[in-house]
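The lines below spell out each chain.
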Amino acid sequence: MQYRAYGSTDMMVSALGFGAMRLPHHEDGTCNYDKAVPLLRRGIELGINFIDSAWGYLRGTSEVAVGMAIKGYDREKIYLSTKAPVDTEGQAKADNWWKMLEECLKRLDTDRIDFMHFHNIAWDRFKNWVAVPGGALEAAYRALDQGIIRHLCFSSHDTPENIRKLIDTGEFSGMLVQYNLLDRTNEEVIVYAHSKGMGVEVMGPVGGGRLGVPSPEIQRMIPEGIKSTPEIALRFVLANPNVSVALSGMNEIRQIEENVATASREEPLSPEELAQIRAALDQMQCLAELYCTGCEYCMPCPNGVDVPENFRLMNYHRIYGLTEYARREYAKLGQRKDPQGELRPAWAAACKECGRCESKCPQNIPIIEQLKEVHETLREAG
Ligand code: SF4
Ligand code: SF4
């Protein structure tokens, strides 16, 4: 296993972190401890020392599983990371956040959390709810003072511009953001965070499952020695020297062992391989945008069709070769529920050919015709 410095802290974390969000679970969504704990322990035995959970994962039972799994190991050698939400103004109050923090400690059965995150924070929430008198930041300061948390971090799906604002507050030792072969939106902000001495945790190194399925197009990017699409996806993330730890939500022994082997390579990708992949990705991105930039000017459709989403899935098939994933997701578009719980399919087949969208598309895409093609191509799994 390779170990990397977590920003300017004195902690060396395993390049592969164990994301505890997809642990084996029962039908009611709670963790199956009998299956989950041995998996976590196998990861630890293979050198993983960074385990990431959250208040909400598996209805609160993910943290319990992590607490059970680390029993018997030297606590000094394992870094526990978790997150508590600030999704509402109430949750972001200091008292409430403190209570959640106490509950996290109880579930993890520990007296300190090494990396505590504001979960999925947006700049507006931080500014208006968290960093105000009586807000959760005050509770975090108190916990830092008392040694209950060692480092304050955040996770975010906000825009790179807003993530940069969060970094510039200087309040955080680290951050957790999305970054993978298919989504390099945060690449610059990752460089920026690293330059500021922050640790960088990456979620979704295999694209939230999208890259977990075979893609000949992606595997072809490095002709030599690539066994699978997940392998190249993880190697790509680990080849970024600004990344401290790539979190993978693992739920099978085989997957853990394969990922550990990948994260144990001294050089995840050679400079030539990386250059080759980047060139291929740039080309793929250009091709994807030729079809549809995702600008959404064509929306909303009076019949509920999510035009850009249909085209995005089609691009996964025709450009990235992720056909299996595209078909699976397309089937779900056919079952989409509106906020009232009514089934309102958003897939291409729901198009009534009214033509209202076509004149709004700056790319002049023949939307009606292309939607037919989408349905023809992706419907098989539906
Ligand atoms: S042509 Fe089809 S996709 Fe476009 S607005 Fe009409 S129903 Fe919606
Ligand atoms: S307007 Fe055209 S380019 Fe923009 S999302 Fe719709 S189809 Fe895609």
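Description of the structure in this document.

Rules and cut-offs
Residues numbered from 1 in each chain as written. Chains lettered and ligands numbered in written order. Predicted model: local features only at pLDDT ≥ 70, side-chain atom pairs only at ≥ 80, totals over all residues. Heavy atoms only, no water. Helix = DSSP H or I, 4+ residues; strand = E, 2+ residues; numbered from the N terminus. Rg over C-alpha atoms; globule rule 2.2 N^0.38 Å. Buried < 20%, exposed > 50% of the residue type's maximum accessible area, 1.4 Å probe, protein only. Contact = heavy atoms within 4.5 Å. Areas by Shrake-Rupley, 256 points an atom, 1.4 Å probe, with all protein chains shown as cover. Lys, Arg positive; Asp, Glu negative; His and termini not counted. Charge placed at Lys NZ, Arg CZ, Asp CG, Glu CD. Near = heavy atom within 4 Å. Nonpolar A, V, L, I, M, F, W, Y, C, P; charged D, E, K, R; others polar. Salt bridge = Lys/Arg side-chain N within 4 Å of Asp/Glu carboxyl O. Phe/Tyr/Trp six-rings, centres within 6.5 Å; stacked < 30°, edge-to-face > 60°. Lys NZ or Arg CZ within 6 Å of the ring centre and 35° of its normal.

**Side note on the overall build of the protein chain**
(1) Moving on: Summing up its helical and strand segments, the protein chain has 14 helices and 10 strands in all.
(2) Moving on: Its C-alpha radius of gyration of 22 Å places the protein chain within 12% of the 21 Å reference for a compact globule of 382 residues.
(3) Moving on: Out of the 382 residues belonging to the protein chain, those deemed buried represent 52%.
(4) Moving on: Intrachain contacts of the protein chain at a sequence separation of at least 6 include 72% that bridge at least 24 residues.
(5) Moving on: When the accessible surface of the protein chain is split by element, carbon and sulfur atoms take 48% of a total near 17300 Å².
(6) Moving on: Taking the average location of the 43 positive side-chain charges in the protein chain and that of its 53 negative ones, the two points are 3 Å from each other.

**Concerning the environment of T377**
(1) Moving on: By the element assignment, T377 lies in helix α14 (residues 367-378).
(2) Moving on: A sequence separation of 349 residues divides T377 from D28, and the C-alpha atoms of the two residues are 35 Å apart.
(3) Moving on: In this view, T377 contacts M314, H317 and R327; residues no more than four positions away in its chain are not counted.

**Observations concerning helix α9 (residues 229-238)**
(1) Moving on: The buried fraction of α9 amounts to 9 of the 10 residues, a majority that puts the element mostly inside the structure.
(2) Moving on: When α9 is considered as a whole, its buried residues turn out to be T229, E231, I232, A233, L234, R235, F236, V237 and L238.

**Brief notes about the site of ligand 2**
(1) Moving on: Not every one of the 14 residues close to ligand 2 is listed here, only the nearest: C292, C295, E296, C298 and C361.
(2) Moving on: Split into classes, the residues belonging to the shell around ligand 2 amount to 10 nonpolar, 3 polar and 1 charged.

**Considerations on the pattern of salt bridges**
Proximity of charged atoms lets side chains of opposite charge pair with each other.
(1) Moving on: Using the criterion set out here, one finds 25 salt bridges in the structure.
(2) Moving on: Residue E329 pairs with K332 through a salt bridge whose shortest N-O separation is 3.0 Å. On the criterion of helical spacing, the pair formed by E329 and K332 is a turn pair, its members being 3 residues apart in helix α13 (residues 323-333).
(3) Moving on: When its relative accessible area of 51% is taken as the criterion, K332 is described as exposed.
(4) Moving on: The structure contains a network of salt bridges with shared partners spanning R75, E76, R112, D114 and R150.

**Thoughts on helix α2 (residues 61-69)**
(1) Moving on: Within α2, 7 of the 9 residues are buried, which leaves the element mostly enclosed by the surrounding structure.
(2) Moving on: Of the residues making up α2, those classed as buried are T61, S62, E63, A65, V66, G67 and A69.
(3) Moving on: Looking at the packing, one finds that the buried side of α2 touches α1 (33-45), β4 (50-52), β5 (79-85) and α3 (94-108).

**Focus: the site of ligand 1**
(1) Moving on: The environment of ligand 1 is formed by C301, P302, N303, V307, C351, K352, E353, C354, G355, C357, I368 and L371.
(2) Moving on: In terms of residue class, the shell around ligand 1 is built from 8 nonpolar, 2 polar and 2 charged.

**Let's talk about the packing of aromatic side chains**
(1) Moving on: Per the stated rule, a full pass over the model turns up 13 aromatic pairs.
(2) Moving on: Ring plane angle 90° and centroid distance 6.2 Å describe the contact between F118 and F172, whose orientation is recorded as edge-to-face. In this pair, F118 sits in strand β6 (residues 113-119) while F172 sits in the loop between α6 (160-168) and β8 (174-178), placing the two residues 54 residues apart along the sequence.
(3) Moving on: Looking at F172, the relative accessible area reads 7%, which means it is buried.
(4) Moving on: A connected cluster of aromatic rings, assembled from ring pairs, spans W97, F118, W123, F126, F154 and F172.
(5) Moving on: The ring of W55 has R107 sitting right over it, with the charged end atom 4.2 Å from the ring centre.
(6) Moving on: Across from the ring centre of W98, 4.0 Å away, lies the NZ or CZ of R142, which sits over that ring.

**Digging into the environment of C31**
(1) Moving on: Along the polypeptide, C31 turns up in the loop between β3 (16-19) and α1.
(2) Moving on: As for C31 and V64, which are separated by 33 residues in sequence, their C-alpha atoms are 8.6 Å apart.
(3) Moving on: With sequence-adjacent residues up to four places away left out, C31 is seen in contact with L23, P24, H25, H26, A36, L58, T61 and A65.

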